[in-house]
2 protein chains.
Amino acid sequence: MIRADLLLTHIGELATLDRGPVPRCGPAMSELGLQTEAAVAVDGGRIVWIGPTRKARSAVRLRRGGRTHDLEGRLVVPGFVDAHTHLLFAGDRHREIGRKLRGESYRSIAASGGGIFSTVRATRKASSAQLLRDARGRLARLRRHGTTTVEIKTGYALEPRGELRLLRLLRQLQATEPMTIVPTYLGAHAVPREARGRATAYVDEIVRHSLPTIASAHLARFCDVFCEPGFFSVPAARRILRAAQQLGLGTKIHADEFVASGGGRLAAEIGAVSAEHLLQTPAADRQRLAKAGVVAVLLPLTPFATLVDRPVPGREFVRAGVAVALGTDLSPNSYVESMPLVIAHAVHSARLTPEEALTASTVNAAHALRLADGSGRITVGGPADLAVFDLHHAAEIAGRIGVDPVEVYRQGKFVFTSELRQ
Amino acid sequence: MIRADLLLTHIGELATLDRGPVPRCGPAMSELGLQTEAAVAVDGGRIVWIGPTRKARSAVRLRRGGRTHDLEGRLVVPGFVDAHTHLLFAGDRHREIGRKLRGESYRSIAASGGGIFSTVRATRKASSAQLLRDARGRLARLRRHGTTTVEIKTGYALEPRGELRLLRLLRQLQATEPMTIVPTYLGAHAVPREARGRATAYVDEIVRHSLPTIASAHLARFCDVFCEPGFFSVPAARRILRAAQQLGLGTKIHADEFVASGGGRLAAEIGAVSAEHLLQTPAADRQRLAKAGVVAVLLPLTPFATLVDRPVPGREFVRAGVAVALGTDLSPNSYVESMPLVIAHAVHSARLTPEEALTASTVNAAHALRLADGSGRITVGGPADLAVFDLHHAAEIAGRIGVDPVEVYRQGKFVFTSELRQ
């Protein structure tokens with residue numbers, strides 16, 4: 001008999017996402033590992049048994065004080081993994097929507113000192129308490145939408161001390177928030193205004209001082225670079241990411257968002273863990289990414305949020321055999337907190353199938369964060385991070401645009417429960 | 001002294017939407033009637049006083065048992081008015097997403113007996129208890145997203161008795177749900193499969209029997225027709241809508257969704273209250289709509305949900321001087337329950353400004369439903385239907401894609417309150 005402190009029974013459909021090799025691309029992305037009339041037993045926050053409800057009573061013994069929860073035929077999927085956010089910031093940029101509606105680009109707004117630089121000013125000025133409070137509100141809402149694992153990038157301080165402050169705040173969030181937080185250092189988000197014309201010196205500083213400090217204090221798991229004209233060139237990005245690799249950090253690249261910058265190709269060249277955005281990546285570079293095993297982190301709502309009339313070419317990446325993951329891109333420029341909404345846009349705009357979109361927002365996103373602990377899957381030994389929906393089939397998550405779970409578990413404990421369970 | 005049983009104080013920004021003439025079009029749509037540091041007093045579910053918080057104590061006296069609620073600087077807007085739904089149905093069509101992804105159209109799926117006809121089969125078969133239960137779940141979720149007034153169309157029974165059953169179910173929902181429900185008869189949603197080739201007889205039946213029965217029992221406030229090739233022609237729609245007008249019903253038209261069907265022009269010709277969808281309306285017909293005072297009910301998520309690569313031309317309608325209203329189009333074909341998400345798509349896809357989108361989802365939507373009781377506005381004498389957001393400015397609703405209110409009031413009573421208030 002397996003001992004458990006929580007037994008979830010009568011799961012109408014359980015999408016384990018626990019079949020096939022990781023990372024997933026092409027047809028394998030459609031295998032959701034479905035079980036019907038299933039049960040899941042949890043002990044100490046980890047999954048200890050999965051099987052049919054009718055067998056649960058004979059296989060699992062509840063500990064004293066443990067409880068059984070009847071899910072009455074509902075759908076259970078892994079808690080979502082949001083593979084790309086910038087959610088640690090102050091200020092807001094809602095007034096820039098007028099400029100975007102008049103056709104101004106991200107680059108042109110930034111060049112005038114707005115956009116990212118307005119967020120940098122507000123973030124530098126904000127107290128740590130304020131930054132934590134705002135980030136905690138965002139994380140609570142992410143959980144409410146079903147997300148239990150999230151990557152968070154720095155990059156709104158830019159100057160070295162400020163970036164270290166942000167990384168230390170992420171460590172505080174890791175220690176206190178009921179979710180898995182993966183910190184990424186993005187000091188190379190933009191060349192700060194005070195360093196204009198001295199980009200090389202800024203890169204020097206990152207390579208010689210910031211990265212070694214961050215790596216030795218284990219403040220980040222990944223290093224990311226914004227590789228676009230006007231931000232960081234391919235050689236600068238290569239230099240930063242190579243240095244990060246030598247220090248044992250994983251690497252990510254903001255690539256090919258505004259133009260085919262060569263960032264995707266660089267990701268393949270250096271064996272980055274992921275390349276992200278990829279709106280403009282040429283077909284040949286998609287092939288390179290597939291061959292190099294780089295995960296494509298696609299952000300289907302970002303062109304929408306920034307009024308760019310070009311959908312994320314999700315289908316093309318799947319066809320090329322690239323493993324696709326998804327993220328909200330939560331930031332002042334793309335204020336999206338709901339992974340179910342990302343899934344809906346991944347299907348209706350980026351043209352993934354519902355099954356591919358679910359794979360991309362769970363097991364593949366966990367792979368983009370190099371989490372090998374069972375995050376993004378429902379598997380024995382893995383964390384009991386689960387989202388429960390009032391739906392019959394996993395594929396319906398994409399069709400019910402922006403649907404929210406009615407219960408969310410993190411390590412077997414409720415982090416959200418809705419009054420709307422029917 | 002004004003007596004009140006509820007006093008809301010310290011509203012950081014109050015968007016009353018109570019300025020300018022109704023309906024609103026063009027620049028007037030940007031006037032939100034903003035007040036800062038405001039208070040609202042409510043008595044018996046109606047608003048009795050609006051003014052600055054600092055004056056509330058001297059102007060308003062709380063009744064015994066009444067309470068004051070400090071909104072701590074939050075944003076308050078009118079409860080949203082969803083001007084177009086088909087939320088009374090059974091069954092689901094999530095499996096059709098694969099056909100849509102392969103490029104099949106609504107018409108072609110319907111022609112093969114799927115689409116609307118699969119929903120008709122499921123709805124006819126469903127018990128009234130089941131239909132009510134599903135509709136109540138949807139209405140609860142609408143409220144959670146801030147909607148307090150909703151139009152609901154019939155049209156998934158088609159045969160006369162079944163349509164009457166749906167209208168009676170709507171009456172039950174009106175009597176029991178804490179929101180304003182406006183029933184629309186859409187018997188002419190499609191020619192039922194059993195009447196194929198006998199469309200004229202089906203229209204005869206609607207005109208001679210169904211409409212008089214519905215009008216005399218006051219079962220619907222509006223009559224709507226799906227005017228597209230393969231569904232109902234312009235002459236058939238004219239005949240039905242003229243008959244409805246003679247019986248005292250307001251008229252609406254599903255027009256110009258798939259092709260420029262002439263439905264928009266018909267709406268202008270007969271003086272319909274609204275024309276809805278309007279994806280393909282020619283510029284000359286937009287002018288006709290403006291001149292005739294017909295409200296354009298635009299559904300920015302419908303092309304997205306149905307994988308049609310053509311955004312709703314919202315900007316063009318505003319420019320033409322047409323009063324624009326918004327709706328979710330909640331149906332098995334466009335499963336959207338969130339008006340804040342509709343507002344986000346109205347801006348980012350249909351290119352309204354945030355202020356226009358808010359106007360279109362409140363005061364203009366109430367006008368599209370001919371509600372003159374103050375619904376869709378925050379006005380003395382009107383219902384205390386309010387949505388409270390953890391935001392500073394009304395314009396942020398559009399930018400925080402799919403943001404949810406933290407409290408929703410219907411006639412001064414909580415219908416939703418979130419645990420996430422910061």
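These figures come from a predicted structure and were not determined experimentally.

**A closer look at the overall build of chain A**
In terms of helices and strands, chain A carries 16 helices and 18 strands. In terms of overall size, chain A behaves like a compact globule, its C-alpha atoms giving a radius of gyration of 21 Å where 422 residues would be expected to give roughly 22 Å. Taking the principal axes of the C-alpha coordinates as reference, chain A spans close to 70 × 45 × 45 Å. Here chain A holds 422 residues, and the buried ones make up 65% of them. Split by element, the accessible area of chain A, about 14400 Å² in all, is 49% carbon and sulfur. If you average the places of the 55 positive and of the 40 negative side-chain charges in chain A, the two averages end up 4 Å apart.

**Digging into unusual backbone geometry**
Residue and element names in this part refer to chain A. A positive phi angle, near 65°, is found at D329, a position not held by glycine. Its location among the elements puts D329 in the loop between strand 13 (324-326) and strand 14 (335-336). Under the relative-accessibility criterion, D329 is labelled buried at 4%.

**Considering the packing of aromatic side chains**
Note on aromatic pairs: each is described by the distance of the centres and the angle between the planes. Residues and elements named next belong to chain A. Counting across every chain of the model gives 22 aromatic pairs over all chains. A network of ring pairs unites the aromatic residues Y106, F226, F231 and F258 as a single cluster. Sitting above the plane of the F222 ring, K252 keeps its charged end 4.6 Å from the centroid.

**Details of the interface of chain B and chain A**
Residue-level contacts link 40 residues of chain B with 40 residues of chain A. In total, chain B and chain A occlude about 3700 Å² of area from one another, counting both sides; carbon and sulfur atoms represent 61% of this. A per-residue breakdown of the area chain B buries against chain A is headed by R144, F304 and I401 of chain B, which together make up 18% of the total. Scanning the region where chain B abuts chain A turns up two salt bridges. Taking the shortest distance from any N to any O, the salt bridge between D309 of chain B and R351 of chain A comes out at 3.3 Å. Connecting chain B to chain A are nine residue pairs in polar contact (both at pLDDT 80 or more). Going through the elements one at a time, helix 2 (97-101), helix 5 (128-144), helix 11 (302-305), strand 14 (335-336), helix 13 (339-348), helix 16 (396-399) and strand 16 (400-401) of chain B are the ones with two or more residues in the side of chain B that touches chain A. Per-class residue counts for the side of chain B that touches chain A are 18 nonpolar, eleven polar and eleven charged. Of the strand pairs in this sheet, strand 14 of chain A and strand 16 of chain B are connected by two bridges, and their pairing is parallel. Residue pairing in the sheet places V336 of chain A in a bridge with I401 of chain B of strand 16 of chain B.

**A few points about the sheet that holds strand 9 (residues 222-227) of chain B**
All names here are of chain B. Spatially, 6-7-8-9-10-11-12-13 is the arrangement adopted by the eight strands of the open sheet, whose pairing is parallel. In this open sheet, the two strands that pair with only one neighbour each are strand 6 (80-82) and strand 13 (324-326). If you compare each strand with its neighbour and ignore which way they point, the axes differ by 25° on average. Two strands pair when backbone bridges link them, and strand 8 (residues 180-188) and strand 9 are joined in this way by three bridges, in the parallel orientation. Bridged to T184 within strand 9 is F222.

**Points about helix 7 (residues 199-216) of chain B**
Residue and element names in this part refer to chain B. For helix 7, spanning 18 residues, the distance from its first C-alpha to its last is 25 Å, which sits close to the expected 26 Å at 1.5 Å a residue. A bend of about 35° at I206 is the largest found in helix 7. Looking at the residues trailing helix 7, positive phi occurs at H218, about 50°.

**Focus on the domain arrangement of chain A**
Residue and element names in this part refer to chain A. One can read the domain layout of chain A as domain 1 (2-78 + 376-421) and domain 2 (80-368). Here the C-alpha centroids of domain 1 and domain 2 sit 29 Å apart. On the domain 2 side, the residues contacting the 31 residues of domain 1 number 34 residues. When domain 1 packs against domain 2, close to 2600 Å² is buried across both sides, 71% of that on carbon and sulfur atoms. Interface area lost by domain 1 to domain 2 is led by M29, A398 and R410, which between them contribute 22%. Linking domain 1 with domain 2 are zero salt bridges, by the criterion used here.

**Quick look at the packing of helix 7 of chain B against helix 8 (residues 234-246) of chain B**
Residues and elements named next belong to chain B. Interaxial distance between helix 7 and helix 8 falls to 10 Å at its minimum, and their mutual angle equals 5°. The angle between the axes of helix 7 and helix 8 places the two elements in the roughly parallel class. Where helix 7 abuts helix 8, its residues T200, V203, D204, I206, V207, R208 and L211 lie against A236, R239, I240, A243 and A244. Residue classes in the contact of helix 7 with helix 8 are distributed as eight nonpolar, one polar and three charged.

**Observations regarding the environment of P300 of chain B**
All names here are of chain B. Tracing the backbone through its elements, the reader meets P300 in the loop between strand 12 (295-298) and helix 11. Sequence separation between P300 and P313 is 13 residues; the distance between their C-alpha atoms is 8.7 Å. For P300, the contacting residues outside a window of four places in its chain are V312, L326, G327, V342, H345 and A346.

**Regarding the relation of the copies chain B and chain A**
The operation relating chain B to chain A is a screw motion whose rotation component is 180°, with 0.0 Å of axial translation and a residual RMSD of 0.0 Å. On the angle and the small slide along the axis, the relation comes out as a two-fold axis. It is G402 of chain B whose C-alpha, among those of chain B, lies nearest the rotation axis, at 3.8 Å. An overlap of 100% is found between the interface residues of chain B and their copies at the interface of chain A, pointing to a shared contact surface.

**Here's the deal with the sheet that holds strand 12 (residues 295-298) of chain A**
Residue and element names in this part refer to chain A. A sheet is described by the order of its strands in space; here eight strands give the open sequence 6-7-8-9-10-11-12-13, paired in parallel fashion. Every interior strand has two partners, whereas the edge strands, strand 6 (80-82) and strand 13, have only one. Strand-to-strand twist across the sheet, computed as the mean angle between neighbouring axes with direction ignored, equals 25°. Here strand 6 pairs with strand 7 (residues 147-153) via three bridges, running parallel. Bridge pairing links F80 to T147 in strand 7. Of the strands in this sheet, strand 7 and strand 8 (180-188) touch helix 6 (residues 160-176), which is tilted by about 175° from strand 8. Relative to strand 10 (residues 250-255), helix 9 (residues 263-270) is tilted by about 165°, and along the sheet it contacts strand 9 (222-227), strand 10 and strand 11 (274-277).

**Details of the pattern of salt bridges**
Evaluation of the coordinates by the stated rule reveals 47 salt bridges over all chains. A cluster of three or more residues bridged by salt bridges with shared partners is formed by E151, K153, D224, K252 and E276 of chain A.

**Structural notes on the confidence of the model for chain A**
Residue-level pLDDT values for chain A average 95, and 99% of them are 70 or greater. At the level of chain-chain contacts, confidence expressed as ipTM amounts to 0.96, with global pTM at 0.97.

**A closer look at the environment of D5 of chain B**
Within the fold, D5 of chain B resides in strand 1 (residues 2-15). Those residues in contact with D5 of chain B that sit more than four places away from it in its chain are V42, D43, G44, L62, R63, G66 and R67 of chain B.

**Let's talk about the environment of D373 of chain A**
In this fold, D373 of chain A is placed in the loop between helix 15 (363-368) and strand 15 (386-389). Only 2.8 Å separates the side chain of D373 of chain A from the side chain of S375 of chain A, close enough to count as a polar contact.

**Notes on the side chain of R93 of chain A**
Relative to the helices and strands, R93 of chain A is located in the loop between strand 6 and helix 2 (97-101). In this structure R93 of chain A touches Y106, G115, I116, S118, T119, Y156, P332 and N333 of chain A, once residues within four positions along its chain are discounted.

Analysis parameters
Residues numbered from 1 in each chain as written. Chains lettered and ligands numbered in written order. Predicted model: local features only at pLDDT ≥ 70, side-chain atom pairs only at ≥ 80, totals over all residues. Heavy atoms only, no water. Helix = DSSP H or I, 4+ residues; strand = E, 2+ residues; numbered from the N terminus. Rg over C-alpha atoms; globule rule 2.2 N^0.38 Å. Buried < 20%, exposed > 50% of the residue type's maximum accessible area, 1.4 Å probe, protein only. Areas by Shrake-Rupley, 256 points an atom, 1.4 Å probe, with all protein chains shown as cover. Lys, Arg positive; Asp, Glu negative; His and termini not counted. Charge placed at Lys NZ, Arg CZ, Asp CG, Glu CD. Phe/Tyr/Trp six-rings, centres within 6.5 Å; stacked < 30°, edge-to-face > 60°. Lys NZ or Arg CZ within 6 Å of the ring centre and 35° of its normal. Contact = heavy atoms within 4.5 Å. Buried area = accessible area lost by both parts, 1.4 Å probe. Salt bridge = Lys/Arg side-chain N within 4 Å of Asp/Glu carboxyl O. Polar contact = N/O pair within 3.5 Å; in protein donor to acceptor, adjacent residues only side chain to side chain. Nonpolar A, V, L, I, M, F, W, Y, C, P; charged D, E, K, R; others polar. Pairing = 2+ DSSP bridges. Axes fitted to C-alpha atoms, helices over the stretch in contact; angles between N-to-C directions. Expected span 1.5 Å × (residues − 1). Bend = angle between axes of the 7 residues up to and from the residue. Domains from an automatic or database assignment. Parallel < 35°, antiparallel > 145°, perpendicular 65-115°, else oblique. Least-squares fit on C-alpha atoms with pLDDT ≥ 70 in both. pLDDT = per-residue confidence, 0-100.

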